[in-house]
Amino acid sequence: VLITGANGFVGQRVAQTLHQAAYTLRLCTRKTWQLPNAEQNPSKPSANIDYFAVGDLSDKTDWSTALTVDGEAVEVVVHCAARVHVMNDTSADPLAAFRALNRDASIALAQQAANAGVKHFIYLSSVKVNGEQTTGGKAFQESDTPAPSDPYGISKHEAEQALLAIGAKTGMAVTIIRPPLVYGDGVAAKARPDVDAPPKCATGGRVVQGRRRETRDLIVADDHRTIVRRVVPNPAHVVRAERCAGD
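Note that this is a predicted model, so its numbers are computed, not measured. (Residues numbered from 1 in each chain as written. Predicted model: local features only at pLDDT ≥ 70, side-chain atom pairs only at ≥ 80, totals over all residues. Heavy atoms only, no water.)

Some remarks on the overall build of the protein chain
Applied cut-off: The numbering of helices and of strands both runs from the N terminus, where a helix is a DSSP run of H or I of at least 4 residues and a strand a run of E of at least 2. Throughout, exposure labels follow a simple rule: accessible area from a 1.4 Å probe, protein chains only, divided by the maximum for the residue type, with under 20% read as buried, over 50% as exposed, and the rest as partly exposed. We call two residues in contact whenever any of their non-hydrogen atoms come within 4.5 Å of each other. Per-residue and other accessible areas were derived by the Shrake-Rupley procedure at a 1.4 Å probe size, with only the shown protein chains allowed to occlude residues.
In terms of regular secondary structure, the protein chain is built from 4 helices and 12 strands. Expressed as a percentage of the 247 residues in the protein chain, the buried residues total 44%. For the protein chain, restricting intrachain contacts to residue pairs at least 6 apart in sequence, the fraction spanning at least 24 positions comes to 66%. Carbon and sulfur atoms make up 48% of the accessible area of the protein chain, which totals about 12400 Å².

See below:
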């Protein structure tokens, strides 16, 4: 299993979970110095883990070496690397910046993966593909018509469409996972919602946010990575990660 963004908040946890499930892993980051060492990496180096620095991600990134081991294609790609939602984005053209990494770089990876013979491509998208809010206390459903409204959500939606098209054309299975905000120890401070208290539940957490008493769905990182583990051997097209059973 090849994991991109393996040094990130989500990628590290996905790597740990798949390592515990006895998968052989190739962990990819952009730069050599980002490669996890024995102390930083939750799963620690072993005979079943290797590391690969691919450079900056773009539609020109060459994944050919990373996608093969001893002349054979890796079986599964879990694409965690992304330009995440940015508060107070200062980019001159935020939509172009999000598209470059979240859409164009993802398309390049998926096409090269399909050409190499990868069997299953898992794309970590976002619930923002569905939109910003629902009415009547209802959660988003997989069957809802996508309605992204910000550059991040738009870039993720466009990537989803392109990846599913590549899968349909090449026969590579493509699974899309749309989580809400992933919450847990170590998450970047800017991603922490202003909540009354941390969620007690795991997946499907719903907290009160700010003075307007709005509710917001969260998913705890441990449950998010469990969802990834479950779909690795079971392609599922679009997975609604935000409303699994929780207490």
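Following the structure, the description resumes.
Digging into unusual backbone geometry
Within the chain, Ala22 stands out as a residue other than glycine whose phi angle is a positive 75°. With respect to the helices and strands, Ala22 occurs in the loop between α1 (9–20) and β2 (25–29). Using a relative accessible area of 63% as the deciding quantity, one classes Ala22 as exposed.

A word on the nonpolar core
Heads up, the condition is: Think of a nonpolar core as a cluster: buried Ala, Val, Leu, Ile, Met, Phe, Trp, Tyr and Cys residues, connected wherever their side-chain atoms sit within 4.5 Å.
Within the largest apolar cluster, 25 residues are counted, with the highest numbers of intra-cluster contacts made by Leu2, Trp63, Leu67, Val77, Phe121 and Met172. For this core, the elements supplying multiple residues, two or more each, are α2 (94–116), β7 (120–124), α3 (151–170) and β8 (173–178). Ranked by size, the runner-up nonpolar core spans 19 residues in total, among them Leu25, Cys80, Ile227 and Val232.

Quick notes on the side chain of Thr175
Short version of the rule: We define a polar contact as two N or O atoms separated by no more than 3.5 Å, with the added condition that, inside protein, one atom must be a possible hydrogen donor and the other a possible acceptor, whereas residues neighbouring each other in sequence contribute only through side-chain atom pairs.
The residue Thr175 is located in strand β8 in this model. Using a relative accessible area of 0% as the deciding quantity, one classes Thr175 as buried. Among the polar contacts made by the side chain of Thr175, one reaches the side chain of His120 at a distance of 2.7 Å.

Let's talk about the pairing of β7
Looking along a regular strand, one sees the side chains alternate between the two faces of the sheet. What counts here: The pairing criterion for strands is at least two bridges between them, as found by DSSP.
Across the 5 residues of β7, 5 count as buried, placing the element largely inside the fold. Judged from the 4 bridges that link them, strand β6 (residues 76–79) and β7 form a sheet pairing that is parallel. Residue pairing in the sheet places Val77 in a bridge with Phe121 of β7. Sheet analysis places β7 next to β8, joined by 5 bridges and oriented parallel. From the neighbouring strand, Phe121 faces β8, where its bridge partner is Val174.

Overview of α3
In plain terms, the rule: Here a helix's expected span is defined as the number of its residues, less one, multiplied by 1.5 Å.
With 20 residues, α3 extends 28 Å between its outermost C-alpha atoms, agreeing within 8% with the 28 Å of an ideal straight helix rising 1.5 Å per residue. In this structure, the buried residues of α3 make contact with α2, β7 and β8.

Focus on α2
Test applied: The seven residues ending at a residue and the seven starting there each receive a fitted axis; the angle between those axes is the bend at that residue.
Under the 1.5 Å per step criterion, the end-to-end length of α2 is 32 Å for 23 residues, consistent within 8% with the ideal 33 Å. Of all the bends in α2, the largest measures some 35° and sits at Ala100. Taken as a whole, α2 has its buried residues at Phe98, Leu101, Asn102, Ala105, Ser106, Ala108, Leu109, Ala110, Ala113 and Ala114. Looking at the buried side of α2, the elements it contacts are β1 (2–4), β6, β7 and α3.

Section: the pattern of salt bridges
Pairs may arise between side chains of opposite charge once their charged atoms sit close together. Heads up, the condition is: Think of a salt bridge as a Lys or Arg side-chain nitrogen and an Asp or Glu carboxyl oxygen that are within 4 Å of each other.
In the structure shown here, the tally under the stated rule is 7 salt bridges. Notably, a salt bridge pairs Asp150 with Lys128, separated by 3.3 Å at the nearest N-O pair. With Asp150 in the loop between β7 and α3 and Lys128 in the loop between β7 and α3, this residue pair connects regions lying 22 residues apart in the sequence. Comparing Asp150 with Lys128, the two get one shared label, buried. Where salt bridges share partners, they join Arg99, Arg103, Asp104 and Glu158 into one cluster.

Details of the confidence of the model for the protein chain
The test is simple: Confidence of the predictor at the level of single residues is captured by pLDDT, which takes values from 0 to 100.
Predicted confidence across the protein chain gives a mean pLDDT of 77, with 65% of residues reaching 70 or more. For the protein chain, per-element mean pLDDT is lowest for strand β10 (residues 203–209), which scores 38, and highest for β6, which scores 97. Note that residues 189–214 has pLDDT below 50 and, in this model, 56 contacts with residues that lie over four places away or in other chains. Considering only residues more than four positions removed or in separate chains, one finds that residues 240–247, a stretch of pLDDT under 50, has 25 contacts.

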